[in-house]
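Structural overview for review
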Amino acid sequence: MDRARRALFAALACLSFAFSLSSANAQDIKIGYNSDQSGGGAAEHGLSGRYGVEAAVEDINKAGGVLGRKIVLINRDDTGQPPKSIQNMNELIDSEKVVAVIGPTNTGNALAWLHLPQQKKVPVISHVATGTEITKRYEKEAKNYIFRVSMVDREQVALLVAYAVKASKTKKIALIADSTGYGQGGVKDATEILKLHGVTPVANEKFQPKDTDMTSQLSKVKNSGADVLIVYALADANAHLMKSMAKMNFFPVTVGSWANLATPFVNIAGKKLAENLIFAASVTETSNERAKALNARILAKEKNLPIFVCAAQGYDAMMILAAAIKKAGATDGEKLQAALESVDGVQGIIKSYNKPFSKTNHEGLGVADFRLAKWKDGKVTDFVDAVTKSITAADLKK
Amino acid sequence: MEAILQAVLSGLALGGIYALVALGFNITNNTTKTLNFGQGEFLVAGAFVGVTLVLVLSGKGHVGVLQPEDVTLVKYLTGLVGIIAVLGTLGVFLYYTAVKPFVGAAGLAWVMSTIGFGIIIQNTALGIWGPAPLAIPSPLGNEVIRIGGAGILPQEILIFAVSVLVMVALDLVLLRTKIGKAVRAVAHNKNAAALMGINVPAIVILAFVVSSCLAGLGGLLVAPITTASVFMGLTLALKAFSAAIIGGLDNPRGCILGGFMLGLIESLIGLWHAELREISIFVLIIVVLVVKPEGLLGRKIVEKV
């Protein structure tokens, strides 16, 4: 008994020593990063996002840091699991005392812990998760600590529908989606936005996320006479959809969400079939010079960069955060939150952020910032055709 | 019309996968009256061992992206040899650790122990390969073959052909050979079989080796269609088990029939209402269990006293 107790004390002593080591440089400004980097389908997003945030931290520190202090990124992998994500959040806020958090990758994980940073007044910028509710949950409170620099589902759908309606010659548009919350949420948004354009979808089909053959559903789409198909599902299912289209030799104009940026899409469908789907993206590695430079820089350091868009969004989120800390002149949560709502003129990769946030708007990116993209020979490139050129601001109804 | 033909082709392709895995259930059931409930995870192991061998032979390490030109028939078949070696060994392990201690004993301890063995395999695979699926292009290419306007992939035809071939082979071995006779004798009555000079443990181990190898073969065959994923086992094994129950767990022909029926139901119901697919499958299972509990082609066992 006595020996056990002594061992316990020794272990505790070691632990506290380890903690004191990690918090040695109290001068640094700590930013938490909490994302899936090894778990399921979102690991590529979390990893790419981290590369972007790290690049931004490097740039900021090279320029002398913020408030004369260095920025340090405290990284936590949530493996895509909500319980782990909650635990990470508690650790980052309570033990590491970070001033803000960037993350997570999964909407479900965000919804599991949003109350923690909100109660403890630690601003969060979500750089990947797309669920609409994330920034809305605390909208009505005096101060909302949740911000985002990512592609909100509804904003993506607004662009997809605008393209779909213009590209359709017969105005017969069909929907197909997986049966999960993600797919059905997309269907709901698409149906509502199509209505704003005066179009009712001619078919609305579902499949299971693990299905590998969608020919039956596609037969119904074909019979409905649709010439444009909007698909809302994750990368692997979308790849199987492409393969089923090839089986039927039926290729309507197909548009989908940014989920198709993930590499399983091109790996499963193959380079050639992957070129048949047009999808929304906030930026691609060919969009502008800043994007090209960031892509090259990360690739020089890491062996691959699966999803450039996430790196760009991570980079921009970190830059906005640094600008806000500078503006607040402090790292105190309340002041930082106020500074985020008024920060101005931040040069990011995707765009120059002029007053990206306000009291009522916590979305750094919107449909006006998005573009359409496509896989070409195994790489994501901007997609431009006569229809994309004819889309005006008035078409982007939401 | 074209839509129905497409649904039939897709259904047969899907059904072939279920049928192949269902055969694995049939073999152990016939010899030990036990089932490997970790069959799905053996499928996972097979898929990963196969894909990894192809990756290594292409000089890409154990996790990587395969291009269509990397996957030649020779490498694919080498993968198969590797699978037989690894999965066969796993089958022996499974028998000694998770089945033998409990077989014949009262209770259903082997249900839990085989599930547990499967989970151990799954998590080992998770540790080695991680959760991201590994895609492998088909060695037969991705050119769609057209039959009367409907399309099917060469890999799907391969799965269909292999499942039928394996069934015929099993049928022949069971009914026409000495070993088959021994297997049937063991299935019928272990003690009597032993008294007749049949090496019962050897026959039983053989059954587990063959069953594991079939799961591994299934994994290698479906990987080009579904990708190799640590989580692919459960759904496939559940469908395959359902197929075996519908067709008759003790009859290889029944297992094949059940597999193809399930595949066809899935794709044909999908033409009507995709969300009713699972419902119709499990309604069918209940109906079969009530009307003909031994399965459509199963044999009613009459115990003579």
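Keep in mind that what you see is a predicted model, and the values were worked out from it rather than measured. Going along each chain's sequence as written, the residues are numbered from 1 onward. Here chains are named by letter from A upward and ligands by number from 1 upward, in the order in which they appear as written. Under the rules for a predicted model, residues below a pLDDT of 70 receive no local features and side-chain atom pairs below 80 are neither given nor counted, while totals for whole chains, interfaces and linings still include all residues.

Helix and strand counts for chain A come out as 16 helices and 14 strands. Here the globule rule is a power law, 2.2 Å times the number of residues to the power 0.38, and the radius of gyration is based on C-alpha atoms. Taking 21 Å as the expected radius of gyration for a compact globule of 398 residues, we find that chain A reaches 22 Å, a close match to that expectation. Overall size of chain A, expressed as C-alpha extent along the three principal axes, is 75 × 55 × 45 Å. Using C-beta atoms placed from the backbone, we call a residue buried if 20 or more other C-beta atoms fall within 10 Å of its own, exposed if 12 or fewer do, and partly exposed for counts in between. Here chain A holds 398 residues, and 56% of them are scored as buried. The long-range fraction of contacts in chain A, counting pairs at least 24 apart against all pairs at least 6 apart in sequence, stands at 71%. Under the DSSP-based scheme used, a helix requires at least four consecutive residues in state H or I and a strand at least two consecutive residues in state E, with every element numbered from the N terminus. By the convention adopted here, residues are in contact when the distance between their C-beta atoms, placed from the backbone, does not exceed 7 Å.

From N to C terminus, chain B includes 11 helices and two strands. Secondary structure elements of chain B, listed N to C terminal, follow the sequence α-α-α-α-β-β-α-α-α-α-α-α-α. Relative to a compact globule of 305 residues, whose C-alpha radius of gyration would be 19 Å, chain B shows 19 Å and is just as compact. Taken along the three principal axes of its C-alpha coordinates, chain B extends 60 × 45 × 35 Å.

Between chain B and chain A, the contact holds 26 residues from the first and 24 residues from the second. Contributing elements (two or more residues each) for the side of chain B that touches chain A: helix H1 (2–32), strand S2 (150–152), helix H8 (200–226) and helix H10 (252–272) of chain B. Counting residues per element, the side of chain B that touches chain A draws most heavily on H1(B), which supplies five residues.

Strand residues, when the strand is regular, have side chains that alternate between the two faces of the sheet. Residue and element names in this part refer to chain A. Pairs of strands are assigned from DSSP output, requiring at least two bridges between the strands. Pairing of strand S13 (residues 371–376) with strand S14 (residues 379–382) involves four bridges; the strand directions are antiparallel. The residue of S14 that forms the bridge with Lys-376 is Lys-379. Taking the residues that link successive antiparallel strands as the turn, the S13-S14 hairpin has two residues, and the phi of Asp-377 there is positive, at about 50°.

Okay, the domain arrangement of chain A next. All names here are of chain A. Each assigned domain of chain A is listed with its residue range as follows: domain 1 (28–151 + 288–365) and domain 2 (154–281 + 372–395). Residue ranges for the domains originate in an automatic or database domain assignment. Computed over C-alpha atoms only, the centres of domain 1 and domain 2 are separated by 29 Å. Of the residues lining the interface, eight residues belong to domain 1; the matching set on domain 2 comes to 11 residues. Its residues assigned to classes, the side of domain 1 that touches domain 2 comprises five nonpolar, two polar and one charged. Asp, Glu, Lys and Arg are counted as charged, while Ala, Val, Leu, Ile, Met, Phe, Trp, Tyr, Cys and Pro are counted as nonpolar; the rest, among them Gly, fall into the polar class.

Packing of helix H9 (residues 215–223) of chain A against H10(B) leaves a shortest axis separation of 8 Å and a crossing angle of 25°. Taken together, the axis directions place H9(A) and H10(B) in an arrangement best described as roughly parallel. As for the relative orientation of H9(A) and H10(B), their crossing is right-handed in sense. Contacts between H9(A) and H10(B) involve A:Ser216, A:Gln217, A:Ser219 and A:Lys220 on the former and, on the latter, B:Ser267, B:Gly270 and B:Leu271. Residues of the contact of H9(A) with H10(B), tallied by class, amount to one nonpolar, five polar and one charged. Interaxial angles span 0 to 180 degrees and are taken between N-to-C directions of axes, which are lines fitted to C-alpha atoms, for helices over the stretch in contact. When describing relative orientation, an angle under 35 degrees is termed roughly parallel and one over 145 degrees roughly antiparallel, while 65 to 115 degrees is termed roughly perpendicular and anything else oblique. By convention, the crossing between two helices is left-handed when the near helix turns anticlockwise from the far helix through less than a right angle, and right-handed when the turn is clockwise.

Here the focus is the sheet that holds strand S10 (residues 277–281) of chain A. Sheet strands pair by backbone hydrogen bonding; their relative direction is either parallel or antiparallel. Residue and element names in this part refer to chain A. With mixed pairing, seven strands are arranged side by side in an open sheet as S7-S6-S8-S9-S10-S13-S14. Two strands lie at the open edges of the sheet, namely strand S7 (203–207) and S14, each paired on one side alone. Adjacent strand axes in the sheet meet at a mean angle of 30°, parallel and antiparallel pairs treated alike. Summarising the sheet, S10 and S13 pair through four bridges and their orientation is antiparallel. Across the sheet, Ile-278 pairs through a bridge with Lys-374, a residue of S13.

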